[in-house]
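# Working through the structure, step by step
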Amino acid sequence: MKKILILGGGFSGIFAAKALWKKLPPDHEIELISDNNYFVFQPLLPEVVSGTINSSDAVTPIRQMLKGIKFRNAEISELDFKNKKVSVLQGFKKSNHYIAYDHLVIALGQVSNLEIIKGLKDHAFKMRSLQDAHDLRNHILGCLELADVTQDNDLRNRLLNFVVIGGGFSGVETIGEMQEMIDRLIPYYSTIKKVDIKFHIIELANQLLPDMDKKIGEYVLKKFKKNKINIHLNSALNEVTQYRVFIKDGISINTHTVISTIGSSVSNLIKSSKLKLEYGKIPTNSFLQVKGYNDLWAIGDAALIPNNDKKSMLFKKKKVAYAPPNAQFAVRQGKLLSNNIVKSINGVKLNEFKYTSKGSLASLGSRDGVGKIFFITVKGIIAWLIWRAFYLSFIPSFATRIRVLFGWIVEFLVPRNAVMTRSLENKTVSFENYKKGDVVFEEGMMADGFYIVLEGSFKNSFKKTSSGKEFNKFYGVNDHFGARVIVKGNRRTGTIKALEDSKVVKIDRETFKVFYQNFLPVNDYFKKYLDKNFKKLDTL
């Protein structure tokens, strides 16, 4: 039995597997590998964040979609093109297995690359997975809960400032849904008014939706201005810290919420596979074969695929046009791939990839949308309804379509759900960036973690009110702070402030306590360290 092995459970991989199943000779089998056992319909993630639909309605079990096709839920660890096998880690203990193949299809999509901007990886939310949508939704609700009761005006301002990085489709849809969600929830928070909430969208280009024509960008700009969304065009993002976002000309925005819809790259698995990349993607020929191989194929967002569409302006100018990374093209690539693999097995001439986009649509929230279908521009509620109908048709499961449609209908009739699906928790390990003068924590706060200085320096100031004496301690690179209060179980007794632009790694309180209480060398070290460095403080 010969094997067609498909890596990736996104649009291109799923549609390729479904189409292949109908055409392959009986002596061939298909196996699809994905690290999730469900297919995520990414265009609906902003609606998961806003509560328009349930999170379960944005996903479909892969096994349910691929009846008759072997599916493996595993982590792909290595690609061996020479010996034609793939290494995977599977099971609770991540045991290693090798899977041989006759044809390999790489449909792994792209991953977030937030290292392009200083601090973005450490402080920004992403919008790629169901977990990302869950995390962002819970964070927004947590911000509203705290803002409703805090007496700290600076903190309240940060909590109610929401910043989206990127003015493309994902960016405008995310901020539109987020604003509609918050506007509908505000009546349930007695101290928060609509004017207290600030939304910002930052885009490097000179218009929103830069991949569409100027008139569409102008419509979105007008719509967002009407909705009091602050728009920063021609604005490069320079840095993100614990408390602020910095853009061009020294402009900064105080915020506790940054959502990044920019920064994508192929996975480290592909980067380490020794395939030669072009423009950061796997280059293929027009038949979807990876250059230099007859049995290796690449489709979807990770592939650089020539599009021989004769209607394309670049094609008419005799220049190479490449397929854009979106669902329309991924679905078409998956279907063509199935034909070409069968043709390759039968020794028949392969077909070239050529596809003319049917158009693009974006939801702007509040039952408004914009887009272009062929050469017709549509706006307003008509565009919004077409957008919903279009994406409903693209969901590759009839059962999921019914659930999404039902969710949309119910959303008209009942208030938005403001339930946090998990409590606010600190990450076990996180990285935090501070500008000069930023306060990490103040006297009287509960100990939330143990900090190690990676860059810059900090000052710890403690003033004993009974004597007026002051204790100061300074921390540089590789120094640490926070252990004393966690070990002794007290509140913060000092205020720590950044003396320069600095970065720390924070280990949350409970994780640090586990190490301290159960690993003897750590326990001995901190007993000696605290006795040596804080004896003066205890006798003030």
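Refer to the structure printed above.
Residues numbered from 1 in each chain as written. Predicted model: local features only at pLDDT ≥ 70, side-chain atom pairs only at ≥ 80, totals over all residues. Heavy atoms only, no water.

Let us look at the overall build of the protein chain. If you tally the helices and strands in the protein chain, you get 17 helices and 33 strands. Here the C-alpha atoms of the protein chain give a radius of gyration of 26 Å, agreeing with the 24 Å that 2.2 N^0.38 yields for 540 residues. Dimensions along the principal axes, computed over C-alpha positions, put the protein chain at roughly 90 × 55 × 45 Å. Out of the 540 residues in the protein chain, the part that is buried amounts to 51%. Of the contacts formed within the protein chain by residues at least 6 apart in sequence, a portion of 68% connects residues at least 24 apart. Accessible surface, the protein chain: about 26600 Å² in total, of which carbon and sulfur atoms supply 53%. Looking at the protein chain, you have 81 positive and 52 negative side-chain charges, and the mean spots of the two groups are 4 Å apart. (Helix = DSSP H or I, 4+ residues; strand = E, 2+ residues; numbered from the N terminus. Rg over C-alpha atoms; globule rule 2.2 N^0.38 Å. Buried < 20%, exposed > 50% of the residue type's maximum accessible area, 1.4 Å probe, protein only. Contact = heavy atoms within 4.5 Å. Areas by Shrake-Rupley, 256 points an atom, 1.4 Å probe, with all protein chains shown as cover. Lys, Arg positive; Asp, Glu negative; His and termini not counted. Charge placed at Lys NZ, Arg CZ, Asp CG, Glu CD.)

Now for the pairing of strand β8 (residues 95–100). Of the strand pairs in this sheet, strand β7 (residues 85–90) and β8 are connected by 6 bridges, and their pairing is antiparallel. Counted as the bridge partner of Ser87 is Tyr98 from β8. Taking the residues that link successive antiparallel strands as the turn, the β7-β8 hairpin has 4 residues, and the phi of Gly91 there is positive, at about 85 degrees. (Pairing = 2+ DSSP bridges.)

With that out of the way, let us pick up the environment of Val48. Looking at the secondary structure, you find Val48 in helix α2 (residues 45–50). On the basis of relative accessibility, which here comes to 5%, the residue Val48 falls in the buried class. In this structure, the C-alpha to C-alpha distance between Val48 and His480, residues 432 residues apart in sequence, is 39 Å. Those residues in contact with Val48, other than ones at most four positions away along the chain, are Ile53, Asn54, Ser55, Ala58, Leu130, Ala133 and Arg137.

Turning next to the side chain of His123. Turning to its location among the elements, His123 is positioned in helix α4 (residues 120–123). Judged by its relative accessible area of 14%, His123 is buried.

As enumerated under the stated definition, the model contains 23 salt bridges in all. Between Arg72 and Glu31 there is a salt bridge, and its shortest N-O distance comes to 2.6 Å. Remark: Glu31 occurs in strand β2 (residues 28–34) and Arg72 occurs in strand β5 (residues 70–73); sequence separation between them is 41 residues. Residue classification places Glu31 among the buried positions, given a relative accessible area of 0%. In this structure, Asp438 and Arg244 form a salt bridge, with 2.5 Å as the shortest nitrogen-oxygen distance. Of the two residues, Asp438 is situated in the loop between β26 (429–434) and β27 (439–441) and Arg244 in strand β16 (residues 244–246); the sequence distance between them amounts to 194 residues. Across the pair, exposure class does not vary: Asp438 and Arg244 are buried alike. Linked by salt bridges that have partners in common, Lys3, Glu29, Glu31, Lys70 and Arg72 make up one network. (Salt bridge = Lys/Arg side-chain N within 4 Å of Asp/Glu carboxyl O.)

Strand order in the open sheet made by the 5 strands is β11-β18-β12-β13-β14, with parallel pairing throughout. Both outer strands of the open sheet, β11 (124–125) and β14 (229–232), are each paired with one neighbouring strand and no more. Relative to β14, strand β13 (residues 198–202) runs parallel, the two sharing 4 bridges. Across the sheet, Ile201 pairs through a bridge with Ile231, a residue of β14. Packing of helix α8 (residues 214–226) onto the sheet brings it into contact with β13 and β14, and relative to β14 it is tilted by some 140 degrees. (Axes fitted to C-alpha atoms, helices over the stretch in contact; angles between N-to-C directions.)

Strand order in this open sheet of 5 strands is β5-β2-β1-β9-β21, and the pairing throughout is parallel. Strands with a single pairing partner mark the edges of an open sheet, and in this sheet they are β5 and β21 (296–298). Between one strand axis and the next, the sheet turns through 20 degrees on average, direction left out of account. Bridge count for strand β1 (residues 2–7) against β2 is 6 bridges, and the pairing is parallel. Of the residues in β2, the one forming a bridge with Ile6 is Leu32.

The description of two helices packed together rests on the angle between their axes and the distance between the axes. In the contact formed by helix α15 (residues 509–518) and helix α16 (residues 520–533), the axes pass within 5 Å of each other and the chain directions differ by 95 degrees. By the angle between their directions, the pair α15 and α16 is classed as roughly perpendicular. From α15, Phe512, Phe515, Tyr516 and Asn518 reach across to α16, where they touch Leu520, Val522, Asn523, Phe526 and Lys527. (Parallel < 35°, antiparallel > 145°, perpendicular 65-115°, else oblique.)

Located in the positive-phi region is Lys228, a residue other than glycine, with phi close to 65 degrees. Considering the arrangement of structural elements, one finds Lys228 in the loop between α8 and β14. Its relative accessible area of 66% is what places Lys228 among the exposed residues. The phi torsion at Ser366 lies on the positive side, around 55 degrees, for a residue other than glycine. For Ser366, a relative accessible area of 38% puts it in the partly exposed group.

Between two aromatic rings, the relevant description is the distance of the centres plus the angle of the planes. The full count for this structure, using the stated rule, is 24 aromatic pairs. The interplanar angle of 15 degrees and the centroid separation of 6.3 Å between the aromatic rings of Phe512 and Tyr516 together place this pair among those described as stacked. With a gap of 4 residues between them, Phe512 and Tyr516 both fall in helix α15, about one helical turn apart. Judged by its relative accessible area of 4%, Phe512 falls in the buried class. Under the relative-accessibility criterion, Tyr516 is labelled buried at 13%. Grouped by ring-pair contacts, the aromatic residues Tyr243, Tyr434, Phe441, Tyr451, Phe458, Tyr475 and Phe481 constitute a single cluster. Above the ring of Phe15, the side-chain terminus of Lys18 is found at 5.9 Å from the ring centroid. Sitting above the plane of the Phe246 ring, Lys435 keeps its charged end 4.9 Å from the centroid. (Phe/Tyr/Trp six-rings, centres within 6.5 Å; stacked < 30°, edge-to-face > 60°. Lys NZ or Arg CZ within 6 Å of the ring centre and 35° of its normal.)

This paragraph deals with the nonpolar core. Ile106 and Phe224 are the most contacted members of the largest nonpolar core, which totals 118 residues. Residues within four places of Phe224 in sequence aside, it is in contact with Val172, Ile175, Ile201, Leu208, Ile229, Ile231 and Leu364. Judged by nonpolar contacts, the second largest core, of 26 residues, contains Tyr434, Tyr475, Phe512 and Leu530. (Core = buried A, V, L, I, M, F, W, Y, C linked by side-chain atoms within 4.5 Å.)

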